[in-house]
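Take a look at the letters that make up each chain.
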Amino acid sequence: MTTADRLTHIPAPEGVRPGNGYTNVVTGTGRLIAVSGQVAFDEDGNLVGKDDPGAQARQVFENLRRCLAAAGATFDDVIKLTYFVTDIGHLPAVRAARDEFIDMARPPASSAVQVGALFLPELLLEVEAFALVPDTDEAAA
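Presented here is an overview of the structure given in this document. Bear in mind the structure is a predicted one, so any value in this text is a computation, not a measurement. Chains are numbered independently. Their residues run from 1 in the order of the written sequence. In keeping with the model being predicted, local features are shown solely for residues with a pLDDT of at least 70 and side-chain atom pairs are shown and tallied solely at 80 or more, while totals for entire chains, interfaces and linings include all residues. The basis for every side-chain value is the complete set of heavy atoms in the structure, and neither hydrogens nor water enter the calculation.

The secondary structure listing takes helices from DSSP runs of H or I that are at least 4 residues long and strands from runs of E that are at least 2 residues long, numbered from the N terminus. Check the secondary structure of the protein chain and you find four helices and six strands. On C-alpha atoms alone, the protein chain measures out to a radius of gyration of 15 Å, which is about the 14 Å that the 2.2 N^0.38 rule sets for 141 residues. Along the three orthogonal principal directions, the C-alpha set of the protein chain runs to about 45 × 40 × 20 Å. In this scheme, a residue with accessible area under 20% of its type's maximum is buried, one over 50% is exposed, and one in between is partly exposed, where area comes from a 1.4 Å probe on protein chains only. Looking at the protein chain residue by residue over its 141 residues, the buried ones come to 39%. It only takes one pair of heavy atoms within 4.5 Å for two residues to be counted as in contact. At a minimum sequence separation of 6, the contacts of the protein chain that also span at least 24 residues come to 73%. When charges are tallied, Lys and Arg are placed among the positive residues and Asp and Glu among the negative ones, while His and the ends of the chain are skipped. The location of each charge is read from NZ of Lys, CZ of Arg, CG of Asp or CD of Glu. One way to put it: in the protein chain the 11 positive side-chain charges average out to a point 4 Å from where the 20 negative ones average out. To get the radius of gyration, use the C-alpha atoms; to get the globule rule, take the number of residues to the power 0.38 and multiply by 2.2 Å.

Here it is as structure tokens:
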């Protein structure tokens, strides 16, 4: 069973405006994976991209990719992304990085929130993800 068979993307439910770069509703079956918010630290704990939202976003998505892989998932399995940014003006750079990792023909549901601060002042964004992968029984079918 492919991801396309398991997940249903509903870009514009009746009476709801279609999203730009996201799907309004994603539903499916499988095992839920929740990935904690990721920030722009490399594996040694060093900040990547000080004052550069694009570089930070690429590191965040690389961290998400690694977390998903550890759970047996890929970005194709992601059903929801939540973006926390310290400046909504960073969204174009964040979206550009996202587009390097996400199939924008079938984007996940998404929310973007501007926050007053993250846990360190040099962090510009944090992104969390939810994914849905086939149950072991489904994958064997």
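Quick look at the packing of aromatic side chains now. To describe a pair of aromatic rings, you give the distance between the ring centres and the angle between the ring planes. Pairing of aromatic side chains here covers Phe, Tyr and the six-membered ring of Trp, requires ring centres within 6.5 Å, and sorts the geometry by plane angle: under 30 degrees stacked, over 60 edge-to-face, intermediate tilted. By the definition in use, this model includes five aromatic pairs. An aromatic cluster of at least three residues, connected via ring pairs, comprises F61, F75, Y83 and F101.

With 18 residues, helix 2 (residues 53-70) should reach 26 Å at 1.5 Å per residue; the first-to-last C-alpha distance of 26 Å fits that figure. Listed as buried for helix 2 are P53, G54, A55, Q56, A57, Q59, V60, F61, E62, N63, L64 and L68. If you follow the buried residues of helix 2, they end up packed against strand 3 (31-38), strand 4 (78-85), helix 3 (91-101) and strand 6 (125-133). Whenever a nitrogen or oxygen atom comes within 3.5 Å of another N or O atom, the pair is scored as a polar contact, on the condition that within protein one atom can donate a hydrogen and the other can accept it, and that pairs from neighbouring residues in sequence are kept only if both atoms are in side chains. Put simply, D52 is the residue that caps the front of helix 2, since its side-chain oxygen is 3.1 Å from the backbone nitrogen of G54. Of the residues trailing helix 2, G72 is marked for its positive phi of about 80°. For a helix, the expected span equals 1.5 Å multiplied by the number of residues minus one.

Two side chains with opposite charge may pair up if their charged atoms get near one another. Salt bridges are defined as contacts in which a side-chain nitrogen from Lys or Arg sits within 4 Å of a carboxyl oxygen from Asp or Glu. Counting across every chain of the model gives six salt bridges. With a closest N to O distance of 2.7 Å, D77 and R6 form a salt bridge. One end of the pair, D77, is in the loop between helix 2 and strand 4; the other, R6, is in helix 1 (residues 3-6), with 71 residues separating them in the sequence. On the basis of relative accessible area, R6 is assigned to the buried category, the value being 5%. One salt bridge in this structure joins E62 and R65, with 2.5 Å as the shortest N-O distance. You can see E62 and its partner R65 sitting in helix 2, three residues apart, about one turn around the helix. What makes E62 buried here is its relative accessible area of 19%. Owing to a relative accessible area of 36%, R65 belongs among the partly exposed residues under this scheme.

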